[in-house]
Amino acid sequence: MRIVHAAVAGCLVLATGACGTGGVTYAAVRAPGKAADASRPRTMLGRMDGLPEEFFSHARAPWRPPFRPRARACRLLFDAAAGRPPREGLSGTAAATYQGAHAGELAGVGVAVYDGGEAAGHLAALRDALSHCATADGGTPYDRLAAARTPLPGIGGADAAGRALSGRVGGYPYRMHVVVARSGNTLIALVHAGLTPPDPARTAELTRLLVREVGTLDA
């Protein structure tokens, strides 16, 4: 039974990108004269200290969604966590995955820096997407995650929102927390997922850490 469970975990880890090779992926979209500033999200994700206990601090390749959701609202959220955020006003973006200790556990993070006041507008759009992402599915019963009605404790307010999804990925039980947040001109999209139900307290801790670290980008 342990062998079967380990094999399933390995498949899902590979499917969601936690075993990806390489480090933080980064896309600079600033004007050439501002390239140095645009590199800061990548640097931040590459040196993440203070991750919750049992998370590996080594940044891996960006999260790869295990399937492409049919619902547009869910696609927007998955894309943002995978390093493909809304592009209007975007000046720099980076994405990475951190592996946890539980079966298939990972934290996929996408960070996007915006010019002017674009970040607030994009956060509002992503919050709206959270409220409309009732079911994320790839068109089959084997890849289907339904949203829970209960909000994630410790995550909320004007600049953060989250939602729990549960169901199956590849036919196996899977749980996922999706969080969007803003700090100044920077947006954060976080996915905390795994075969073992992710701990909401650890999701909240990850969110607080990211918001704190992202605050240094506006300094």
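Values in this document were obtained by computation on a predicted structure and should not be read as measured data.

> Could you give an account of the overall build of the protein chain, naming the residues involved and the relevant values?
A count of helical and extended segments in the protein chain gives six helices and eight strands. Shown N-terminal to C-terminal, the secondary structure of the protein chain runs as helices and strands in the order α-β-α-α-α-β-β-α-β-β-β-β-β-α. Counting all 219 residues of the protein chain, 47% fall into the buried class. Of the contacts made within the protein chain by residues no fewer than 6 positions apart, 65% connect residues no fewer than 24 positions apart. Accessible area for the protein chain stands at about 9900 Å²; split by element, carbon and sulfur atoms hold 54% of it.

> Before we move on, can you summarise the packing of aromatic side chains with the specific residues and values?
Tallied over the entire structure, the rule returns two aromatic pairs. Between Trp 63 and Phe 78, the aromatic rings sit 5.4 Å apart at their centres with planes inclined by 70°, giving edge-to-face as the arrangement. Here Phe 78 lies in helix H4 (residues 72-81) and Trp 63 lies in the loop between helix H3 (40-46) and H4, a separation of 15 residues in the sequence. With respect to burial, Trp 63 and Phe 78 carry one shared label: buried. With 6.1 Å between their ring centres and 55° between their planes, Phe 67 and Phe 78 make a pair best called tilted.

> Hey, could you go over empty space enclosed by the protein for me, with residue numbers and the actual values?
Any empty space left between the atoms is revealed when a probe the size of a water molecule rolls over them. For the coordinates displayed, the defined rule picks out one cavity of 30 Å³ or more. Taken as a whole, the largest cavity encloses approximately 40 Å³ of empty space. The wall of the largest cavity is formed by Ala 80, Pro 85, Pro 86, Gly 110, Val 111, Ala 112, Leu 126, Leu 187, Ile 188 and Ala 189. When contributions to the lining of the largest cavity are tallied by element, the ones reaching two or more residues are strand E3 (106-114) and strand E8 (186-194). Along the lines of polarity and charge, the residues of the lining of the largest cavity split into nine nonpolar, one polar and no charged.

> Could you give an account of the environment of Phe 56, naming the residues involved and the relevant values?
Checked against the element boundaries, Phe 56 lands in the loop between H3 and H4. For Phe 56 and Ala 101, which are 45 residues apart along the polypeptide, the C-alpha to C-alpha distance reads 8.0 Å. With sequence-adjacent residues up to four places away left out, Phe 56 is seen in contact with Leu 51, Tyr 98, Gln 99 and Gly 100.

Definitions and cut-offs
- Residues numbered from 1 in each chain as written.
- Predicted model: local features only at pLDDT ≥ 70, side-chain atom pairs only at ≥ 80, totals over all residues.
- Heavy atoms only, no water.
- Helix = DSSP H or I, 4+ residues; strand = E, 2+ residues; numbered from the N terminus.
- Buried < 20%, exposed > 50% of the residue type's maximum accessible area, 1.4 Å probe, protein only.
- Contact = heavy atoms within 4.5 Å.
- Areas by Shrake-Rupley, 256 points an atom, 1.4 Å probe, with all protein chains shown as cover.
- Phe/Tyr/Trp six-rings, centres within 6.5 Å; stacked < 30°, edge-to-face > 60°.
- 1 Å grid on protein atoms, 1.4 Å probe; cavity = no way out; pocket = protein on both sides within 12 Å on 5 of 7 lines; lining within 4 Å.
- Points joined across faces, edges and corners; volume = space filled by probe spheres on them.
- Nonpolar A, V, L, I, M, F, W, Y, C, P; charged D, E, K, R; others polar.

The values reported here are purely geometric and, on their own, carry no functional implication.
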